[in-house]
Amino acid sequence: GSSTIQFKIVLLGESAVGKSSLVWRFCQDQFSETIESTVGATFIHRVMDLGEYSIKLQIWDTAGQERYHSLTPMYYRGAKGVIITYDVTNNDSYEKAKDWVNEIRTQGTPNAKIVLVANKIDLEDHQVDQMEAMKYAESNDLLFFECSAKTGEGVKDVFFGLSKALPVK
Ligand code: GDP
Ligand code: MG
């Protein structure tokens, strides 16, 4: 029989960019303005049907440790996919996202697939330039998606895009 390959996926990004909301939207198709920061204290499994084959994602969200700068490499150890999110209305969160990219490249799983996610596109007053982020992603070999956990726009693409890029061999 064939078994479904499982991949550890972690979410990274500054506090309040919408990491937990993204997972919530993707797994429950719901959005809450007052999501518990502890919602993602552990991981959620999702089987991804990619047509030719299926894989299983073990999706890790933080319990908010990033707020206290206390996320350790233990968290992303073994992760084959990393979703690094920023809030398009917050330039600091974009700078922090780039720091995470560097950290994963130097201390994360070698060849981990990294997805850069521009969240909260439903809001106005974007601070982060879309073209700049796209160019940064392209030149750093990252997948790039824009989405809104609030409206749901683009959220599935993040998880399917990453899933298709994972090495099943
Ligand atoms: P986390 O700290 O990165 O896990 O962020 P949360 O998922 O807890 O979200 C932080 C805040 O941003 C919450 O008030 C969410 O309701 C809000 N939020 C998350 N995603 C979106 C989005 O796409 N659009 C808007 N307008 N608000 C969002
Ligand atoms: Mg959270």
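Everything discussed here concerns the structure shown above.
In this report, we go over the structure that sits alongside the text. Numbers given to residues run from 1 along each chain, matching the order in which its sequence is written. Lettering of chains starts at A and numbering of ligands starts at 1, both following the order in which they are written. Reporting of local features is limited, given that this is a predicted model, to residues whose pLDDT is at least 70; pairs of side-chain atoms are given and counted only at 80 or more, and all residues count toward the totals for whole chains, interfaces and linings. Hydrogens and waters are ignored; side-chain quantities use all the structure's heavy atoms.

For F7, the location among the structural elements is in strand β1 (residues 5-13). By relative accessible area, which is 4% here, F7 ends up buried. In this description a helix means any DSSP run of H or I spanning at least four residues, a strand means any run of E spanning at least two, and both kinds are numbered starting from the N terminus. For every residue, the accessible area (1.4 Å probe, protein chains only) is compared with the maximum for its type, and the residue is labelled buried under 20%, exposed over 50%, or partly exposed between those bounds.

Right, let's talk about the environment of Y75 for a bit. Relative to the elements of secondary structure, Y75 occurs in helix α2 (residues 73-76). Its relative accessible area of 9% is what places Y75 among the buried residues. Separated by 63 residues in sequence, Y75 and L12 have C-alpha atoms that sit 9.7 Å apart. Note on contacts: a residue pair qualifies if any of its non-hydrogen atoms lie within 4.5 Å across the two residues. The residues touching Y75, leaving out its near neighbours within four places in the chain, are K8, V10, L11, L12, W60, D61 and T62.

The next subject is the site of ligand 1. Residues in close proximity to ligand 1 total 20 residues, the closest being A16, K19, S21, D122 and A149. Identification of polar contacts relies on pairs of N or O atoms within 3.5 Å, with a donor-acceptor requirement for protein atoms, meaning one able to donate a hydrogen and the other able to accept it, and with residues adjacent in sequence counted only if both atoms are side-chain atoms. One of the backbone N or O atoms of A149 is found 2.9 Å from an oxygen atom in ligand 1. Methods summary: accessible areas were calculated by the Shrake-Rupley approach with a probe of 1.4 Å, and residue burial reflects only the protein chains presented. Summarising the interface, the protein chains cover 86% of the accessible area of ligand 1, which totals 580 Å² for the free molecule. At 3 residues, helix α1 (residues 19-28) tops the list of elements feeding residues into the shell around ligand 1. Grouping the constituent residues of the shell around ligand 1 by class yields 6 nonpolar, 7 polar and 7 charged. Put simply, a residue is near a molecule or strand once any heavy atom of it comes within 4 Å of that molecule or strand. Any residue outside Ala, Val, Leu, Ile, Met, Phe, Trp, Tyr, Cys, Pro, Asp, Glu, Lys and Arg is labelled polar, Gly included; the first ten of those are nonpolar and the last four are charged.

Here, two cysteine sulfur atoms that lie within 2.5 Å of each other are counted as a disulfide. In total, this model carries 0 disulfides according to the counting rule given. Sulfur of C27: no disulfide; nearest cysteine sulfur belongs to C147 and is 13 Å away. Residue C27 is classed as buried on the basis of its relative accessible area, which comes to 13%. Residue C147 is classed as buried on the basis of its relative accessible area, which comes to 0%.

Attention shifts here to the pairing of strand β5 (residues 113-119). Of all 7 residues in β5, 6 are buried, a share of seventy percent or more. Strand pairing follows a simple DSSP-based rule, namely that at least 2 bridges must link the two strands. Taken together, the 7 bridges between strand β4 (residues 81-87) and β5 define a ladder with parallel strand orientation. Note on β5: the bridge partner recorded for I84 is L116. Clockwise travel from the first strand over the helix to the second, with the strands pointing away from the viewer, marks a crossover as right-handed. For the handedness criterion, the β-α-β arrangement of β4, helix α3 (residues 91-107) and β5 is classed as right-handed. Strand direction decides the pairing type here: β5 and strand β6 (residues 143-146), joined by 4 bridges, are parallel. Its bridge partner being in β6, A118 is matched across the sheet by E146. What joins β5 to β6 is helix α4 (residues 130-139), and the crossover it makes is right-handed.

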